[in-house]
Amino acid sequence: MRQRLSASIRALAEHRGPRSSICPSDAARAVGGNDWRDLMADAYGAARELAKGGSIEITQRGAVLDPAGQWRGPIRIRSTGRRS
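In this text the structure is predicted, and so the values were computed from the model without any measurement.

What counts, and at which threshold
- All residue numbers refer to position in the chain's written sequence, counted from 1.
- Residues qualify for local features only when their pLDDT is at least 70, as the model is predicted, and side-chain atom pairs are given and counted only at 80 or more; totals for whole chains, interfaces and linings, by contrast, use all residues.
- Side-chain figures throughout are based on the complete set of non-hydrogen atoms in the structure, without hydrogens or water.
- Three labels apply to residues, based on accessible area from a 1.4 Å probe with only protein chains included: buried if under 20% of the type maximum, exposed if over 50%, partly exposed otherwise in between.
- Think of it this way: any DSSP run of H or I at least four residues long counts as a helix, any run of E at least two long counts as a strand, and we number them from the N terminus.
- This arc corresponds to the set of directions leading from the helix axis out to the C-beta atoms.
- Only heavy atoms enter the contact rule, under which two residues are in contact if any of them lie within 4.5 Å.
- Whether two strands pair depends on DSSP finding at least two bridges between them.

(A) Here's a closer look at helix α2 (residues 24-32). Every buried residue of α2 is accounted for by Pro24, Ser25, Ala27, Ala28 and Val31. Here the buried residues of α2 occupy an arc of 155° about the axis, which is enough to place them on one side. Those residues of α2 that are buried lie in contact with α1 (2-16), α3 (40-53) and β3 (76-79).

Now the structure itself:
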């Protein structure tokens with residue numbers, strides 16, 4: 001499941017480009033359908049791993065977050081244009 005979420009995050013973020021972003025729920029919905037809420041923790045985890053690899057950035061209110069840091073609240077995901 002984590003691999004499917006990672007692939008979905010990458011594809012959606014790349015489609016939007018580095019000037020726009022997605023919500024982790026976009027990837028969860030694409031993979032989980034009606035059960036997307038059950039995948040949110042995994043979506044956050046997949047986003048953290050992708051951000052550590054450099055292919056995406058996790059932002060909150062426009063500021064880039066440390067993927068290894070502690071944060072809470074709504075986040076956005078955007079492509080960096082790099083592949084990890």
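(B) The pairing of β3, seen in detail. Only one face of β3 is covered, namely the face carrying Ile77 and Ser79; the face carrying Arg76 and Arg78 is uncovered. Where strand β1 (residues 56-60) and β3 come together, 4 bridges link them in antiparallel fashion. The residue of β3 that forms the bridge with Ile58 is Ile77.

(C) Structural context of the pairing of β1. Counting buried positions along β1 yields 4 of 5 residues, so the element is predominantly enclosed. For β1 and strand β2 (residues 63-64), the ladder comprises 2 bridges, and the chain directions are antiparallel. Bridged to Thr59 within β2 is Val64. Between β1 and β2, which pair antiparallel and follow one another directly, the connecting turn spans 2 residues, one of which, Arg61, has a positive phi of 55°.

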